[in-house]
Amino acid sequence: MSDSKKKVLLSGIQPTGVFTLGNYIGAIRNWKQMQEDYDCAYFIADLHSLTVRQDPVELRKRSKDAYALLLACGIDPEKSLAFIQSHVPAHAELGWILSCYTQFGELSRMTQFKDKSQQHKDNINAGLFDYPALMAADILLYQPDLVPTGADQKQHVELTRTIANRFNGIYGDVFKVPEPYIAKAGAKIMSLQNPTKKMSKSDENPKATVSILDQPDVIMARFKAAVTDSEAEVVYREGKDGINNLMTIYSVFTGKTFEEIEKEFEGKGYGDFKKAVGTVVVDGLTPVREEFERLTKDKAYLESCYKKGAETASCVANKTLNKVKKKVGLIV
């Protein structure tokens, strides 16, 4: 990465639809601040999306939109390395090499493979099984210290560490072994209709999810319809999954503690609370939506950003790739 003494941090996100409020709170919102504290690389993981059949025109559009959303959320291409995965061929090349150092049993234990196999029974392809090896390549190419990850992806980071340690044990100190970075607050935002499940852009119930590009009236309607409980008391405790989820969201956007939120809404009903949560979310997401709309109209600027990002990323990634190829006996 750069010559700074900051720790290196890397993360990617798939272009499988507009980012949800859960994506924003759990990952992307934090990335803006992280680029001030770390030497950051962020990428659109379009190769990973191919494990599920895609409409080519739609995938290209979603990839560009996802890149624009990163910038709209505050990622500065002058401060961070921001690129599209498929524009850097080293990802696929190292992915193949690392798949040869990844055990079948390790891949078969990945919970996401089991889950996605159930969701896509007509297309359980080799890429779906082997994509943790590509994810390991995504990470290890840039020698990061930290990988921001949700709790559901921690297993893949642990496998990446296993692969890196195995490779280093055979060939010497080739890869830096990264640590998972899990945000303490707001790391997992739940469905507004089934708060025992994580908020997902693939949820069949449209009322369950808030997109960061939703219009204010849509956002307000989603929160007004959010599932709570029959107690009518805004407190954070076990068994109040719906209220706990709304309090987490409100806390993230206001900076208030759960205790402060409980005092603020003491004696008030859930209607007042849900309206307040909707309002702070609208206020927080409106600048993002407006900046996204501006960026998508400036296609030349976006293209210049992701092409420059790919060039820089390739320079960094190829240093690692060439070192690996020499170690395993390939002619460089």
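These remarks concern the structure in this document. Note that the coordinates shown come from a computational prediction; the quantities given were computed from them, not determined experimentally.

### What to know about the packing of aromatic side chains
Consideration 1: With the rule as written, the count across this model stands at 15 aromatic pairs.
Consideration 2: Ring geometry for Phe 104 versus Phe 129: centroids 5.0 Å apart, planes at 40°, classification tilted. With Phe 104 in helix 4 (residues 104-108) and Phe 129 in helix 6 (residues 126-140), this residue pair connects regions lying 25 residues apart in the sequence.
Consideration 3: The exposure class assigned to Phe 104 is exposed, which follows from its relative accessible area of 62%.
Consideration 4: Take Phe 129: its relative accessible area is 15%, and that puts it in the buried class.
Consideration 5: Centroid distance Tyr 250 to Phe 265: 5.6 Å. Interplanar angle 75°. Geometry classified as edge-to-face. Here Tyr 250 is found in helix 9 (residues 241-254), whereas its partner Phe 265 is found in the loop between helix 10 (258-264) and helix 11 (270-297), with 15 residues between them in sequence. Of the two residues, Tyr 250 and Phe 265, both sit in the buried class.
Consideration 6: Taken together, the aromatic side chains of Tyr 101, Phe 167, Tyr 171 and Phe 175 make up a single cluster linked through ring pairs.
Consideration 7: Sitting over the face of the ring of Phe 253, Arg 29 holds its NZ or CZ atom 5.7 Å from the ring centroid.

### Details of the side chain of Arg 289
Consideration 1: Its location among the elements puts Arg 289 in helix 11.
Consideration 2: Dropping the residues within four chain positions of it, Arg 289 is found in contact with Ile 212, Leu 213, Asp 214, Gln 215 and Pro 216.

### Focus: the pairing of strand 3 (residues 81-84)
Consideration 1: Burial along strand 3 is two-sided: Leu 81 and Phe 83 facing one way and Ala 82 and Ile 84 facing the other are all buried.
Consideration 2: In this region the chain leaves strand 2 (residues 39-44), passes through helix 2 (residues 56-72) and returns to the parallel neighbour strand 3; the handedness of that crossover is right-handed.

### Points about the nonpolar core
Consideration 1: Membership of the largest hydrophobic core comes to 59 residues, with the highest contact counts inside it found for Leu 21, Phe 223, Ile 249, Phe 273 and Val 281.
Consideration 2: Excluding its chain neighbours within four sequence positions, the residues that come into contact with Val 281 are Leu 21, Ile 219, Phe 223, Ile 249 and Phe 253.

### Observations regarding the environment of Glu 93
Consideration 1: Within the fold, Glu 93 resides in helix 3 (residues 90-99).
Consideration 2: Considering only alpha carbons, one finds Glu 93 and Lys 79, 14 residues apart in sequence, at a separation of 27 Å.
Consideration 3: Setting aside residues no more than four positions away along its own chain, Glu 93 makes contact with Leu 321 and Lys 325.

### Things to note about unusual backbone geometry
For residues besides glycine, phi is generally negative; the peptide bonds are generally trans as well.
Consideration 1: Notably, Gln 143 is not glycine yet its phi reads approximately 50°, a positive angle.
Consideration 2: With respect to the helices and strands, the residue Gln 143 is situated in the loop between helix 6 and strand 4 (146-148).
Consideration 3: Notably, Ala 232 is not glycine yet its phi reads approximately 60°, a positive angle.
Consideration 4: The exposure class of Ala 232 is partly exposed, given its relative accessible area of 45%.

### Some points on the packing of helix 2 against helix 11
Think of two packed helices as two axes; the pair is described by the angle between the axes and how far apart they sit.
Consideration 1: Remark: helix 2 packs on helix 11, axes separated minimally by 9 Å, with the N-to-C direction vectors making an angle of 130°. As summarised for this structure, helix 2 and helix 11 are arranged oblique, according to the angle between their axes. Along this stretch, helix 2 crosses helix 11, giving a crossing that reads as right-handed. Contacts between helix 2 and helix 11 involve Asp 65, Ala 68, Leu 69, Leu 71 and Ala 72 from the first element and Val 288, Glu 291, Phe 292, Leu 295 and Thr 296 from the second.

### A closer look at the environment of Val 332
Consideration 1: With respect to the helices and strands, the residue Val 332 is situated in the segment after helix 12 (299-328).
Consideration 2: Using a relative accessible area of 54% as the deciding quantity, one classes Val 332 as exposed.
Consideration 3: Expressed as a C-alpha distance, the spacing of Val 332 and Leu 321, which sit 11 residues apart in the sequence, is 9.7 Å.
Consideration 4: Each residue touching Val 332, except ones within four places of it in the same chain, is listed here: Asn 322, Lys 325 and Lys 326.

### Brief notes about helix 6
Consideration 1: Here helix 6 is 15 residues long and its end C-alpha atoms lie 21 Å apart, about the 21 Å a rise of 1.5 Å per residue gives.
Consideration 2: Along its length, helix 6 shows its largest kink, about 40°, at Pro 132.
Consideration 3: Here helix 6 has its buried residues at Leu 128, Phe 129, Tyr 131, Pro 132, Ala 133, Leu 134, Met 135, Ala 136, Ala 137, Asp 138, Ile 139 and Leu 140.

### Remarks on the pattern of salt bridges
Consideration 1: Taken as a whole and judged by the stated rule, the model has 16 salt bridges.
Consideration 2: Here Lys 61 and Asp 65 are joined by a salt bridge, their closest N and O atoms 2.7 Å apart. One end of the pair, Lys 61, and the other, Asp 65, are both in helix 2, four residues apart, so they sit about a helical turn from each other.
Consideration 3: By relative accessible area, which is 21% here, Asp 65 ends up partly exposed.
Consideration 4: Across the pair Glu 264 and Lys 256 runs a salt bridge, and its minimum N-O distance is 2.8 Å.
Consideration 5: When its relative accessible area of 27% is taken as the criterion, Glu 264 is described as partly exposed.

Analysis parameters
- Residues numbered from 1 in each chain as written.
- Predicted model: local features only at pLDDT ≥ 70, side-chain atom pairs only at ≥ 80, totals over all residues.
- Heavy atoms only, no water.
- Phe/Tyr/Trp six-rings, centres within 6.5 Å; stacked < 30°, edge-to-face > 60°.
- Helix = DSSP H or I, 4+ residues; strand = E, 2+ residues; numbered from the N terminus.
- Buried < 20%, exposed > 50% of the residue type's maximum accessible area, 1.4 Å probe, protein only.
- Lys NZ or Arg CZ within 6 Å of the ring centre and 35° of its normal.
- Contact = heavy atoms within 4.5 Å.
- Right-handed = clockwise from strand over helix to strand, strands pointing away.
- Core = buried A, V, L, I, M, F, W, Y, C linked by side-chain atoms within 4.5 Å.
- Axes fitted to C-alpha atoms, helices over the stretch in contact; angles between N-to-C directions.
- Parallel < 35°, antiparallel > 145°, perpendicular 65-115°, else oblique.
- Left-handed = near helix turned anticlockwise from the far one by under 90°.
- Expected span 1.5 Å × (residues − 1).
- Bend = angle between axes of the 7 residues up to and from the residue.
- Salt bridge = Lys/Arg side-chain N within 4 Å of Asp/Glu carboxyl O.

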